[in-house]
Amino acid sequence: MLLGLRTVIYPAPDLAAAKSWYSKFLGQKPYFDQPFYVGFSVGGFELGLLPIAAPGTTGARPLWGVQNIDAVYAKLLAIGATALEPVRDVGEGIKVAAVADPFGNRLGIIENPNFDAKAVR
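Quick caveat, the model's predicted, so the values are computed rather than measured.

Quick notes on the rules
- Residues numbered from 1 in each chain as written.
- Predicted model: local features only at pLDDT ≥ 70, side-chain atom pairs only at ≥ 80, totals over all residues.
- Heavy atoms only, no water.
- Phe/Tyr/Trp six-rings, centres within 6.5 Å; stacked < 30°, edge-to-face > 60°.
- Axes fitted to C-alpha atoms, helices over the stretch in contact; angles between N-to-C directions.
- Helix = DSSP H or I, 4+ residues; strand = E, 2+ residues; numbered from the N terminus.
- Parallel < 35°, antiparallel > 145°, perpendicular 65-115°, else oblique.
- Left-handed = near helix turned anticlockwise from the far one by under 90°.
- Contact = heavy atoms within 4.5 Å.
- Nonpolar A, V, L, I, M, F, W, Y, C, P; charged D, E, K, R; others polar.
- Pairing = 2+ DSSP bridges.

*Asks:* For this particular structure, what's the right way to read the packing of aromatic side chains?
*Replies:* How two aromatic rings sit relative to each other is given by the distance of their centres and the angle of their planes. All chains considered together, the criterion is met by seven aromatic pairs. In textbook terms, an aromatic cluster arises when at least three aromatic residues are bridged by ring pairs, as seen for Y10, W21, Y22, F25 and F103.

*Asks:* What is the right way to look at the packing of helix α1 (residues 15-26) against helix α2 (residues 69-78) in this model?
*Replies:* Relative orientation and spacing of two packed helices are given, respectively, by the angle between their axes and the distance between those axes. Here α1 crosses α2 at 150 degrees, and the two axes come no closer than 11 Å. With respect to α2, the element α1 is oriented roughly antiparallel. The hand of the α1/α2 crossing is right-handed. Together, W21, K24 and F25 of α1 and V72, K75 and L76 of α2 make up the contact between the two elements. Its residues assigned to classes, the contact of α1 with α2 comprises four nonpolar, no polar and two charged.

*Asks:* Can you help me understand the sheet that holds strand β7 (residues 94-100) in this one?
*Replies:* Strands pair in a sheet through their backbones, by hydrogen bonds, and they do so in one of two ways: parallel or antiparallel. A sheet is described by the order of its strands in space; here four strands give the open sequence β5-β8-β7-β6, paired in mixed fashion. In this open sheet, the two strands that pair with only one neighbour each are β5 (63-65) and β6 (82-91). Taking the axes of each pair of neighbouring strands and ignoring which way they run, one obtains an average angle of 25 degrees across the sheet. As paired strands, β6 and β7 are joined by six bridges and run antiparallel to one another. Bridge pairing in β7 places G91 opposite I94.

By themselves, these observations are geometric and do not establish any function.
Structure (structure tokens):
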């Protein structure tokens, strides 16, 4: 049985550049930093970078929670991401958006006032 999301892994053929970009975006250094994998702790979950994988914008579409989607979306674009889906209201006060990171991966974000962090296990 699934317990819930733990890790989202992004392909990063240029691991050093990806580590630098994500450190800048997240405002922190990785907690796990090896030549085969880099991991960042993000709100109790893990954002991982894997050098032996091919970047892409299709496939699973995880959304990282944010408090102010407009500000985060603008920051992502300012530090080199490319717009894929502009911020849009999808109802019930929920807003979503997506960018492509500089390495070609889809990075989705969500502002969801209905998200219950206490339900995370």
